Amino acid sequence: MGTAAAAEAGGTRCPSRSRAFLALGGLVLRASGSGEGVPLAPAAGGASLAAELSFDAPRVPFYLSFLLTDASGAEIRTHRKTSFRVPVGVGPGSPAPLGMSRSVDGAVNFAVYSKNANAVALYLYTAAAGGEPALEIDLDPYVHRTGNVWHVSLASVEGYVSYAFCCGGIRHPLLDPYAKVIGDFVSGNSVYDEGVTAPSMRCFASLASSPSYNWGRDRHPRLPLEKLVVYRANVALFTKDKSSGLSDDAAGTFSGLAAKIEHFRSLGVNTILLEPVFPFHQVKGPYFPYHFFSPMNLYSSKGSSVSAIKSMKDMVKVMHRNGIEVLLEVVFTHTAEGESECQTISMRGIDNSSYYIANGIAGCKASILNCNHPVTQKLILDSLRHWVLDFHVDGFCFINAPFLVRGPGGEYLSRPPLLEAIAFDPVLSMTKIIVDPWSPLDISNVQFPFPHWKRWAEMNTRFSIDVRKFLKREALISDLATRLCGSGDLFSTRGPAFSFNHVSRNSGLSLVDLVSFSNDDLLSESSWNCGEEGPSENSAVLQTRLRQIRNFLFILFVSLGVPVLNMGDECGHSAAGSVSYKDRGPLNWRGMKTTFVKEVTGFISFLTALRSRRGDIFQRREFLKLENIHWYGSDLCEPGWDDPTSKFLCMHINSEVDEMASDSVRGDLYICFNANEESVSAALPALAEGSVWLRLVDTSLAFPSFFATESNPKVQQVPGLSSYHVEAHTCVLFESKSVVA
């Protein structure tokens with residue numbers, strides 16, 4: 001640094017600071033505290049006084065600070081009544097793109113949207129954990145603001161590791177909403193903001209760029225909707241337990257998920273739906289994110305953002321190589337900010353009134369994002385494109401979807417801009433986009449009519465409700481028939497492939513708990529304990545429970561639409577009757593060796609293979625033709641559609657004529673559903689001469705005879721016009737086949 005000036009570098013002032021004295025029309029430069037000065041005379045012709053300063057380039061950015069005093073020692077200030085402070089290595093920057101970006105010359109640009117902030121500063125840190133900023137750069141609204149975007153460019157950020165924004169003059173570091181690499185979520189001292197004491201929840205954005213990644217020949221599988229078989233999983237809980245057999249650094253991570261690829265393949269699953277992987281509040285859980293552009297640090301072996309990015313991409317690459325798509329559950333309706341703690345992490349401090357619905361929503365304690373505000377909509381679209389283009393994700397399931405149609409005042413919009421923009425976005429329209437009405441805020445799960453533009457699929461809550469009620473003997477058989485045929489009451493303008501069906505989910509009772517618990521606290525679950533509450537050693541109760549589990553899975557897979565399995569349902573995973581999301585534990589892989597699990601997983605594998613083989617019926621983009629479906633009671637008469645005591649239904653599906661199809665996919669199907677406490681003798685429709693009915697499934701039979709496999713070819717042949725004894729709480733499937741003489 002030249003002796004003719006003083007600087008603030010790294011946020012601290014140099015020991016000496018220049019004082020400049022005006023004397024006799026000239027200028028005297030004097031180091032602070034020194035009696036000696038260097039007089040400068042104006043150049044000839046009355047040119048301005050000038051002094052040349054030099055400094056080492058690696059020291060930028062920094063502030064050059066100096067004082068001007070007259071001969072009497074009185075300080076001379078700027079037109080803004082401040083001392084002189086000049087940024088060095090700091091440029092005006094650009095308003096686009098938002099977040100941090102690098103130019104080819106090495107300069108780093110920062111941009112953040114804040115309509116209401118009267119002041120914005122950029123904080124640079126030398127330690128990843130934060131602490132006090134090493135350098136604070138105040139942004140001049142006359143230089144560093146374009147519209148509502150504040151921006152600044154730095155010639156270099158060498159020596160610094162992370163950054164944050166400070167808005168409104170309150171010294172509280174705020175996470176850049178567009179940061180791609182972030183640090184850990186930490187708690188700090190409380191902050192007093194507008195009369196409210198808020199916990200200082202902090203997370204710093206890294207100055208490191210996202211690591212490069214070699215995708216090789218990776219391609220999106222681009223599976224048609226109607227061919228999907230979905231498995232919903234939590235990254236941590238899936239392999240966190242030591243029984244997973246994975247090393248400590250792989251258990252509970254993206255790598256652990258990829259290591260279990262054979263489990264998915266054995267089930268016949270071709271799509272993984274991951275619970276939210278965005279950074280989230282560890283106490284509230286994954287459905288309360290605070291950032292939308294990076295994966296959770298804890299889901300990697302090293303626990304860092306860079307490691308998580310690479311680990312997740314490795315996982316996606318492995319899944320794609322095995323023909324499996326990866327979908328993400330995403331939460332864009334609320335964040336971990338606000339609520340009773342009034343915590344401020346990012347957007348709430350940057351521009352609360354733009355990013356959030358100003359007055360909230362009546363009855364909702366959480367801070368609700370203003371999803372259809374242009375700036376929030378852009379944030380969401382940019383985030384989604386980032387996951388598709390940079391992480392090769394195949395689609396998204398939007399949790400708490402009813403809040404996506406809310407306007408700035410919390411009102412419902414008939415044509416919400418965000419949903420329409422996603423439906424027709426050139427990148428996102430090529431992915432799977434699904435809405436889920438479940439809300440983690442009030443644990444509600446109510447079907448809602450969403451505008452869809454024939455692009456949006458939906459999690460079918462009505463399917464789960466009606467199937468549970470039928471097997472519990474509480475629903476009309478007409479409700480079951482509607483769900484079996486693809487829920488035409490909900491998807492008539494789209495087709496059955498847009499219905500994502502499930503019988504259990506990650507919030508609520510697991511599949512084994514659905515047949516084991518039914519106390520007064522679980523009335524909304526429509527569960528049935530099969531005669532005894534909780535764990536039982538009664539063989540009759542246990543046999544009924546096993547039969548009901550088979551029935552749930554059977555109905556799920558023979559219904560038109562996309563079947564969605566919930567993590568652990570294939571292995572009897574239980575939360576002891578709790579419906580709380582927080583009471584779910586890690587998957588116990590030791591159970592995979594039990595007879596029960598072998599039965600269930602073998603049955604699921606059979607059902608997925610059946611759906612694939614008979615794709616002409618079960619994997620359809622359009623509904624079955626009315627003339628190809630016939631409904632019967634036990635004696636081939638009209639079912640008791642309006643009779644609340646009727647709990648038996650038969651469905652005869654005529655396969656469409658296709659001369660090119662092989663005999664294996666040409667036969668009719670006859671399916672019986674008996675929810676009664678007593679057995680029923682069901683008559684089978686007559687077949688053409690030379691054809692017989694083959695029994696493929698009878699959920700009342702002992703393993704391995706209850707379903708037909710290649711290793712168990714002794715399926716029962718039933719001559720036409722005969723009857724079949726359908727046991728209580730049993731589903732039976734027949735397929736017609738020509739007999740070669």
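In case you missed it, the structure is sitting above this.
All values reported here derive from a predicted model rather than from experimental measurement. (Residues numbered from 1 in each chain as written. Predicted model: local features only at pLDDT ≥ 70, side-chain atom pairs only at ≥ 80, totals over all residues. Heavy atoms only, no water.)

Following the criterion strictly, the structure yields 28 salt bridges and no others. For the salt bridge of Glu-420 with Arg-415, the shortest nitrogen-to-oxygen distance reads 2.7 Å. A relative accessible area of 21% places Glu-420 in the partly exposed class. Using a relative accessible area of 52% as the deciding quantity, one classes Arg-415 as exposed. (Salt bridge = Lys/Arg side-chain N within 4 Å of Asp/Glu carboxyl O. Buried < 20%, exposed > 50% of the residue type's maximum accessible area, 1.4 Å probe, protein only.)

Looking now at the sheet that holds strand β19 (residues 205–206). Spatial strand order, β13-β12-β16-β19: four strands in an open sheet with antiparallel pairing. Single-partner strands in this sheet number two, and they are β13 (135–138) and β19. Bridge analysis of strand β12 (residues 120–125) against β13 gives four bridges, and the strand direction is antiparallel. In the strand pairing of β13, Tyr-123 is matched with Glu-136. (Pairing = 2+ DSSP bridges. Helix = DSSP H or I, 4+ residues; strand = E, 2+ residues; numbered from the N terminus.)

Counting buried positions along strand β29 (residues 648–653) yields six of six residues, so the element is predominantly enclosed. Of the pairings in the sheet, the one linking strand β28 (residues 629–632) to β29 comprises four bridges and is antiparallel in character. Among the inter-strand pairings, Ile-629 is bridged to a residue of β29, identified as Ile-653. As paired strands, β29 and strand β30 (residues 669–674) are joined by six bridges and run antiparallel to one another. Residue Met-651 lies in a different strand from β30, and its bridge partner there is Ile-671.

Judged by nonpolar contacts, the single largest core of 172 residues is most densely connected at Phe-110, Tyr-231, Phe-554 and Phe-673. Not counting chain neighbours up to four residues away, the residues in contact with Phe-110 comprise Ser-94, Gly-99, Met-100, Leu-122, Trp-150, His-151, Val-152, Leu-154, Val-157, Tyr-163, Phe-165 and Leu-207. (Core = buried A, V, L, I, M, F, W, Y, C linked by side-chain atoms within 4.5 Å. Contact = heavy atoms within 4.5 Å.)

What follows deals with the packing of helix α4 (residues 305–321) against helix α6 (residues 374–391). At their nearest, the axes of α4 and α6 sit 11 Å apart, and the two run at 70 degrees to each other. Comparing the axis directions of α4 and α6 gives the class roughly perpendicular. On α6, the residues touching Ile-309, Met-312, Lys-313 and Val-316 of α4 are Trp-387, Asp-390 and Phe-391. Partitioning the contact of α4 with α6 into residue classes produces five nonpolar, no polar and two charged. (Axes fitted to C-alpha atoms, helices over the stretch in contact; angles between N-to-C directions. Parallel < 35°, antiparallel > 145°, perpendicular 65-115°, else oblique. Nonpolar A, V, L, I, M, F, W, Y, C, P; charged D, E, K, R; others polar.)

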